[in-house]
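Notes for the structure review
Spelled out, the chains give:
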Amino acid sequence: MFKNINNRIILKNIAEMLTIGLVVLFLVPLFLVLINAAKTNNEIIQTPLSLPTDWSILWKNITNIWSNPNLRYSQALVNSTVITVFSLLGITIFSAMAAWVLLRTKTKTSMAIFMLFVAAMVIPFQVVMFPLVKWFGIFQSFTGIQMLRSYTGIIIAYIGFGSSLSIFMFHGFMKSIPHEIEEAAYMDGCGKFKTFFLIVLPILKPIYVTILILNGIWIWNDFLLPMLVLGKGTPVQTLPLAVNNFAGAFLVSWDLMMTAILMALVPIIVFFLMAQKHIIKGMVEGSVK
Amino acid sequence: MSKFIETFKKMGNDSLNQDKRNQKIVFWLFLFPSLFSFAMVQIIPFAIGIYYSFTNWSATAQFSIDFVGLKNYFDAFQDPAFLYATIITSVYTILNIMLVNVIAFSLALLVTSQLKGRNIYRAGFFLPNIIGGIILGYIWQFIFNYFVPRIAAMAGFTYLAENLMLGNSNTAILAMVIVSTWQSAGYIMMIYVAALQNVPRDLIEAAQIDGANAWQRFRNITVPMVSQAFTVTLFLTLVNSFKQFDVNVSLTNGGPSTMFMGRAIKGTTLLAMNISDTSTISLNTAQAQAKAIIFFLVLVTFSLIQVYISKKREVEL
Amino acid sequence: MKKILTIISMLLVVLSLTACAPKQEEQVVITFKQNKPEIDEALQAYAAAYEEATGVKVNVVSCGGGSCTLGDMLKADYAAGEMPDIFPIDGPDSYKQWEAIIADLSGEKWVSDTSVEYVVDGKVVGFPVAVEGWGMAYNADLLKKAGIDPSTLNNYQAYVDAFVKLDGMKAELGIDSVVSMAAGPGMYWVTAHHNFNSLLSNGVSYGDLSVANKFLAGNIDQTRLNDYANWVSLLFKYADKTVLTTGNYDSQVGAFLNQKAVFLHQGNWVDGNLTAATFDMAFAPHGSSTAVTDGIFVSAPAWYVVNKDSKNYQAALDFLNNLVYTELGQKYMVEDAGMIPAFVNIELKPKGKLSQSVQSWTADGKVYSWNQYLFAGEFRDNVLGPIYDQLAQGAVSVDKFVELFKTALTDNAK
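None of the values given here were measured: they were computed from a predicted structure.

**Considerations on the sheet that holds strand S7 (residues 136-139) of chain C**
Residue and element names in this part refer to chain C. Read across the sheet, four strands follow the order S8-S9-S7-S10 without closing on themselves; strand pairing throughout is mixed. With one partner strand each, in any of the chains shown, strand S8 (177-180) and strand S10 (281-284) form the two edges of the open sheet. On average, adjacent strands in this sheet sit at an angle of 30° to one another, irrespective of strand direction. As paired strands, S8 and strand S9 (residues 261-264) are joined by three bridges and run parallel to one another. Bridged to Ser-177 within S9 is Ala-261. Most of the contacts of helix H12 (residues 249-257) go to S9, to which it runs at about 130°, and overall it touches S7, S8, S9 and S10. Each of S7 and S10 is contacted by helix H15 (residues 353-363), which is oriented at about 40° to S10, the strand it contacts most.

Listed below in structure tokens is the structure:
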């Protein structure tokens with residue numbers, strides 16, 4: 001029955017419709033965020049489901065957020081970008097390096113260290129929250145390297161917290177790279193560094209980009225770690241820190257919060273769509289041969 | 001002659017040792033950046049945290065920090081809310097693991113097939129992962145408290161039309177499962193997608209030529225190839241479900257109350273939230289540390305077992 | 001090789017950024033943290049004006065509401081060795097947390113101009129942030145339409161009669177429910193903190209802790225408890241079920257704002273949410289007793305304390321004094337932040353109608369104290385809150401509610 005071409009086309013169309021339906025269903029809450037960003041606060045509370053009457057309110061909110069001197073939004077945007085980019089580079093490259101040597105070295109130490117990284121994913125953040133701040137303070141007074149309220153501290157923190165998951169995932173996917181490829185490289189006279197960066201890493205592109213995206217989302221939207229390490233109201237602020245005051249103790253500026261979320265969403269969507277094509281170009285052809 | 005052979009052997013050994021030494025250097029060099037950062041923010045603070053769990057540390061201005069031995073641990077085990085949280089978190093975790101993985105895998109299959117808009121669909125399923133915090137709570141509370149009853153009334157589901165899901169602790173847990181599945185399905189889907197992209201096309205083509213139909217190809221090629229992704233996703237969903245905090249706080253706030261062991265307690269406070277409440281509401285930060293370490297030990301045991309079993313079933317190329 | 005160079009140069013860039021830590025200037029800087037982000041803008045403006053006037057820079061940080069918990073932030077500050085100079089406490093629980101570093105402010109000028117300062121063991125340690133009060137907020141226009149005189153609403157029976165009458169007029173008045181009340185998760189502070197206080201302090205003269213202490217000791221006044229339970233049950237019966245069981249702050253206050261409810265169980269802090277209201281409103285007493293209880297609950301909600309190890313101790317003290325005795329400070333507190341001033345020398349009045357109602361009850365001396373702080377926050381949030389919730393869900397009867405309440409109180413006394 002499936003061999004009939006007409007049936008296959010009908011099945012494909014049904015699948016397409018189904019997927020579109022699912023996507024729409026998934027995006028309903030986001031749609032609610034969008035329409036509510038273009039309403040006044042009262043309208044949001046009274047009629048969250050209604051379509052906005054005046055879309056220009058959205059523009060007003062955006063300019064309000066962008067130009068508000070208390071928020072310093074553009075500065076926070078730069079800070080968030082710098083921190084996210086450097087943290088991502090650190091996490092992905094260093095984790096890939098670590099995962100590779102942990103995988104290829106079959107010693108007890110290597111297995112123990114790998115298990116240590118994996119086990120750390122289970123640690124609830126509450127346990128390390130305050131000791132972390134205290135330790136950073138002690139470290140910086142002993143070594144003079146500014147850890148708190150600086151880029152260094154927050155980036156090292158992200159690399160530290162992101163490495164467990166990333167190493168775990170790289171480790172899992174690196175197994176599918178046959179030894180023959182690496183051995184061939186050694187035969188050709190490549191040292192370890194060259195083999196890793198020129199042969200292994202390119203093969204891992206799909207999972208590498210996936211790990212970039214997964215870590216990127218978390219870092220971009222993170223509030224708690226920057227609040228602890230960078231501090232609120234200090235010179236270096238990230239976007240979530242900057243827009244946090246929209247949520248008051250009694251009065252919540254829902255309109256500004258929704259708008260702020262949309263503004264933070266744009267770079268993520270752009271990044272995601274750009275990164276997509278690197279995931280698609282898999283290792284399907286060529287490398288195995 | 002024997003001296004020649006000996007020197008020759010030694011030269012060979014030396015180069016072997018040199019090689020070993022080089023390997024060791026590369027090992028530690030490649031490992032160092034991750035290990036250093038990891039030690040700085042996880043190992044050392046965790047060790048400090050373990051120390052604090054044996055004291056009366058409060059993280060606030062104390063006159064002195066005193067050693068109390070295992071008191072915090074004993075108290076933790078006797079706290080009914082902690083016991084309840086353990087039970088309810090286990091239930092939530094089992095439901096969540098099943099739902100998230102089934103949906104994420106199905107979505108991954110859909111978006112790696114030949115559908116036209118698959119890039120956009122991929123983005124669409126993944127976007128929910130971006131929404132969190134009080135906005136997530138606000139939107140979904142509205143959906144459950146106003147949207148769902150109205151739709152249920154129109155469709156004739158009287159139970160849902162008259163009873164709010166968030167108004168009863170049992171259905172509120174289901175609501176949490178739904179919301180966290182919505183939030184993380186796309187995330188897990190991305191991992192399955194990466195794995196599915198790894199399936200070598202020539203293997204599939206060869207099987208097609210050999211006459212295997214779609215289901216056989218799926219079962220005998222795709223599924224084993226994806227099994228290593230499965231270890232990762234199973235582990236992630238297990239750990240993330242057990243650690244669930246964000247959706248818990250923003251959606252149900254610890255939940256409507258329920259009766260447990262003869263008293264009224266908050267009905268959907270999962271473990272992570274119970275630990276946090278022990279610190280911020282009960283003002284017993286040291287006991288929160290003890291609870292967190294118990295939590296860690298329990299979960300680490302479960303997940304290491306899970307990883308071990310999964311890795312055994314994996315197919316290595 | 002190229003990749004290694006990239007990594008190394010990246011690390012160098014990162015390390016060099018650490019050299020960009022801002023230098024310490026000679027200017028005096030004090031750090032002031034508080035937990036109402038909605039007044040952050042007004043506070044920042046005041047800090048800027050303050051700096052111009054005195055040369056002292058005030059670092060204002062607001063943390064509260066949604067994802068930021070001031071308690072956690074203070075703990076992190078303490079761990080980092082950067083405790084702020086001025087920060088708020090909200091009662092005995094938070095006082096005990098920071099006792100070791102809280103300064104004695106008994107000698108300050110403003111102490112003599114207020115009656116709600118925070119006193120521990122005879123010493124004044126807390127500067128009252130504002131005066132706040134709650135009772136049953138009512139929509140004066142709707143009550144007039146229904147022919148009910150709010151001045152009669154000061155005992156249980158009066159409320160029963162009023163609620164029954166209003167409930168019968170729902171369509172005519174255009175309301176969904178008589179009372180806008182919340183008892184669900186996230187709103188336990190409405191029931192277990194505020195409503196609970198009626199049991200402890202309604203009808204008791206201001207500052208008299210005898211009734212509250214009896215309950216604290218497990219000595220249960222059964223009549224008082226039964227009357228109170230009837231009052232709670234009455235409020236729940238005439239409340240909108242959705243708002244009661246699962247509503248959040250916005251939906252509870254929103255119902256009152258949009259005239260979907262005649263009464264609102266909240267305090268004058270909702271003035272900020274009711275700026276768009278088109279009707280007249282004021283407070284009436286709670287009806288938790290069969291006897292007449294003609295007063296509303298008024299006190300300070302939080303107190304600023306000064307870090308006694310502060311590097312700029314005098315500047316911090318000056319800042320607090322200036323709030324009370326300069327025009328700039330008074331204008332900020334009352335007009336920009338919308339608070340009722342806790343100091344008798346300040347003559348400005350806030351714009352909010354409910355705030356003005358609180359002031360009028362206070363001027364008449366018809367006030368009862370806030371005694372809920374006698375009970376630990378943990379007890380109120382984790383033990384009492386769920387009990388109210390069970391009643392709200394309809395999962396327990398009023399008798400069972402009383403039984404659970406009594407058990408909770410007696411267990412707490414042990």
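Structure's up, so let's keep going.
**A word on the state of the cysteines**
Think of a disulfide as a covalent bridge from one cysteine sulfur atom to another cysteine sulfur atom. Residue and element names in this part refer to chain C. Inspection of every chain in the model, using the stated rule, returns one disulfide over all chains. One disulfide in the model links Cys-63 with Cys-68; its S-S distance is 2.0 Å. When the S-S torsion is -105°, as for the bridge of Cys-63 with Cys-68, the disulfide is left-handed. The class of Cys-68 is buried, set by a relative accessible area of 2%.

**Focus: the packing of helix H4 (residues 73-104) of chain A against helix H10 (residues 205-221) of chain A**
All names here are of chain A. Contact geometry for H4 and H10: axes closest at 10 Å, N-to-C directions at 140°. As for how H4 packs across H10, the hand of that crossing is right-handed. Between H4 and H10, the residues in contact are Leu-77, Ser-80, Thr-81, Thr-84, Ser-87, Leu-88, Ile-91, Thr-92 and Ile-93 and Tyr-208, Ile-211, Leu-212, Asn-215, Gly-216, Trp-218, Ile-219 and Trp-220, respectively. Here the contact of H4 with H10 is built from residues that sort into 10 nonpolar, seven polar and no charged.

**As for the packing of aromatic side chains**
Counted under the stated rule, the structure contains 62 aromatic pairs over all chains. Taken together, a centroid distance of 4.9 Å and an interplanar angle of 65° make the contact between Phe-46 of chain B and Phe-296 of chain B edge-to-face. One end of the pair, Phe-46 of chain B, is in helix H1 (residues 2-53); the other, Phe-296 of chain B, is in helix H12 (residues 285-313), and 250 residues separate them in sequence. Look at Phe-296 of chain B and you get buried, because its relative accessible area is 12%. By way of ring pairs, the aromatic residues Phe-32, Tyr-46, Tyr-50, Trp-110, Phe-127, Tyr-304, Phe-319, Tyr-332 and Phe-343 of chain C are connected into one cluster. A cation over an aromatic ring shows up here: Lys-109 of chain C above the ring of Tyr-325 of chain C, its NZ or CZ 3.8 Å from the ring centre.

**Section: the interface of chain B and chain A**
Taken together, the contact between chain B and chain A spans 89 residues of the former and 89 residues of the latter. For the chain B and chain A pair, buried surface summed over both sides reaches about 8,500 Å², with 80% attributable to carbon and sulfur atoms. Taken as a group, Phe-30, Val-41 and Tyr-138 of chain B account for 9% of the area that chain B buries against chain A, more than any other trio of residues on that side. On the surface where chain B and chain A come into contact, there are zero salt bridges. On the surface where chain B and chain A come into contact, there are eight residue pairs in polar contact (both at pLDDT 80 or more). With 23 residues, the top contributor of residues to the side of chain B that touches chain A is H1 of chain B. Split by residue class, the side of chain B that touches chain A holds 64 nonpolar, 17 polar and eight charged.

Conventions and cut-offs
- Residues numbered from 1 in each chain as written.
- Chains lettered and ligands numbered in written order.
- Predicted model: local features only at pLDDT ≥ 70, side-chain atom pairs only at ≥ 80, totals over all residues.
- Heavy atoms only, no water.
- Pairing = 2+ DSSP bridges.
- Helix = DSSP H or I, 4+ residues; strand = E, 2+ residues; numbered from the N terminus.
- Axes fitted to C-alpha atoms, helices over the stretch in contact; angles between N-to-C directions.
- Contact = heavy atoms within 4.5 Å.
- Disulfide = S-S within 2.5 Å.
- Buried < 20%, exposed > 50% of the residue type's maximum accessible area, 1.4 Å probe, protein only.
- Left-handed = near helix turned anticlockwise from the far one by under 90°.
- Nonpolar A, V, L, I, M, F, W, Y, C, P; charged D, E, K, R; others polar.
- Phe/Tyr/Trp six-rings, centres within 6.5 Å; stacked < 30°, edge-to-face > 60°.
- Lys NZ or Arg CZ within 6 Å of the ring centre and 35° of its normal.
- Buried area = accessible area lost by both parts, 1.4 Å probe.
- Salt bridge = Lys/Arg side-chain N within 4 Å of Asp/Glu carboxyl O.
- Polar contact = N/O pair within 3.5 Å; in protein donor to acceptor, adjacent residues only side chain to side chain.

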